[in-house]
Amino acid sequence: MKSVNASNQHTWSQVDDYLNDLLIPSDSLLEQTLRTNAEAGLPAHDVAANQGRLLQLLLQIQGATRVLEIGTLGGYSTIWMARALPEHGHIVTLEAEPHHADMARTNLTRAGLIHKVDLRVGPALTTLPDVQEEYREPFDFIFIDADKPSNPDYLRWALRLARPGSLIIGDNIVRNGEVINKESTDSRVQGVRSFLKLIADNPRLEATALQTVGSKGYDGFVIARVLETPTAK
């Protein structure tokens, strides 16, 4: 696939900056979270501010109280979502890397939100069975933003842990356009392709996906809703 033109990326970032400055008030705590993550050497894979606000709005629109996040990183997206929850709401968030989890715990504590968060450390496919055992009520909202080769497995787990009406969000699905390359040797691309095909073929789900451009480059996300009654596909 063609690489992103540098001038396009500059324009996309400028537009993001303009929209964020206009619509999303400056937030010193979130800004400090990003600085803390960068200083600790975490990869800059956090969602953008406008994406964090989108997650927050979706949670508020849905009236969600129970959230599962697969892929915590430094807790930036976790903070956005935890702020959307009522006081009795909670997020179970799964992070494979202990160092990342330590930074997330620091950031969530500073944000005054750690009481809403159950942070599990270890590969998600090993911690999800415990989550299923300990959390008997289904999750209202599931955000999948971890290692892409495992996305098909994460979707299967999400369906076990969801209810009719739950939303399942998958991030980073366009891969700079590489998602259309069925011959790709990138396991992340193939993981996303399998993930999307499973969503498309599952009669329990209705979904759409959107391409995005902005400060995070050319990418996109998928939104799926679990149905009350499976439909023929």
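None of the values given here were measured: they were computed from a predicted structure.

Trainee: I tried to follow empty space enclosed by the protein on my own but got confused; where do I start?
Mentor: Rolled over the atoms, a probe sized like a water molecule indicates the empty space that remains. Counted according to the given criterion, the structure contains one cavity of 30 Å³ or more. Volume-wise, the largest cavity comes out at about 100 Å³. Taken together, Val47, Gln51, Leu54, Leu55, Leu58, Phe143, Ile169, Asp171 and Phe221 make up the full set of residues lining the largest cavity. Those elements that provide at least two residues to the lining of the largest cavity are helix H3 (49-62) and strand S5 (162-171). Residue contributions to the lining of the largest cavity peak at four residues, all from H3.

Trainee: Where do I start with the pairing of strand S7 (residues 217-226) in this structure?
Mentor: Within a regular beta strand, the side chains point alternately toward one face of the sheet and then the other, so they alternate between its two faces. When you tally the buried positions in S7, you get seven out of ten residues, the bulk of the element. The pairing of S5 with S7 spans five bridges and is classified as antiparallel. Counterpart to Asp171 in the pairing with S7 is Phe221. Direction of pairing for strand S6 (residues 205-214) relative to S7: antiparallel, over a ladder of ten bridges. Within S7, the residue paired with Leu210 across the bridge is Phe221.

Trainee: I would appreciate a short explanation of the environment of Leu161 in the present structure.
Mentor: Within the element layout of this structure, Leu161 appears in helix H7 (residues 151-161). Taking the C-alpha atoms as reference, Leu161 lies 6.8 Å from Gln132; in sequence the two are 29 residues apart. With sequence-adjacent residues up to four places away left out, Leu161 is seen in contact with Leu68, Leu128, Gln132, Pro138 and Phe139.

Trainee: Can you walk me through a nonpolar patch on the surface in this structure?
Mentor: On the surface, a cluster of nonpolar side chains totalling about 510 Å² of accessible area is made up of Val15, Tyr18, Leu19, Leu22 and Leu23. Looking at the secondary structure, you find Leu19 in helix H1 (residues 6-23).

Trainee: So what exactly am I meant to see when it comes to the sheet that holds S7 here?
Mentor: Here seven strands make up an open sheet; going across it, the order is S3-S2-S1-S4-S5-S7-S6 and the pairing mixed. Across the chains shown, the open sheet's two edge strands, defined by having one partner strand only, are strand S3 (117-121) and S6. Adjacent strand axes in the sheet meet at a mean angle of 15° when their direction is disregarded. For strand S1 (residues 66-70) and strand S4 (residues 139-144), the ladder comprises four bridges, and the chain directions are parallel. Directly across from Glu69, in S4, lies its bridge partner Phe143.

Each value, and the rule that gives it
Once a new chain begins, its residue numbering starts again from 1 and follows that chain's sequence as written. Where local features are concerned, this predicted model is filtered to residues with pLDDT of at least 70; where side-chain atom pairs are given and counted, the filter is 80 or more; whole-chain, interface and lining totals use all residues. Excluded from the side-chain calculation are hydrogens and water; included are all heavy atoms of the structure. Any residue with an atom within 4 Å of a point lines the site, the site being either a cavity, points on a 1 Å grid over the protein atoms alone where a 1.4 Å probe fits but cannot get out, or a pocket, an open set with protein on both sides within 12 Å along at least 5 of 7 lines. Grid points are joined across faces, edges and corners, and a volume is the space filled by probe spheres set on the points. Here a helix means four or more residues in a row that DSSP labels H or I, a strand means two or more in a row labelled E, and each is numbered from the N terminus. Remark: exposure states derive from per-residue accessible area (1.4 Å probe, protein chains only) relative to the maximum for the residue type, with buried under 20%, exposed over 50%, and partly exposed in between. By definition, two strands form a pair when at least two bridges between them are found by DSSP. Only heavy atoms enter the contact rule, under which two residues are in contact if any of them lie within 4.5 Å. Patch members must show over 30% relative accessible area and no salt bridge, and they are joined within 9 Å when carrying like charges or within 5 Å when they are nonpolar side chains of Val, Leu, Ile, Met, Phe, Trp or Tyr. Using a 1.4 Å probe, the Shrake-Rupley method yields the accessible areas, and only the shown protein chains count as cover for residues. The term salt bridge refers to a side-chain nitrogen of Lys or Arg lying within 4 Å of a carboxyl oxygen of Asp or Glu. Only the contacting stretch of a helix is used when fitting its axis, a line to C-alpha atoms as for every element, and angles between N-to-C directions run 0 to 180 degrees.

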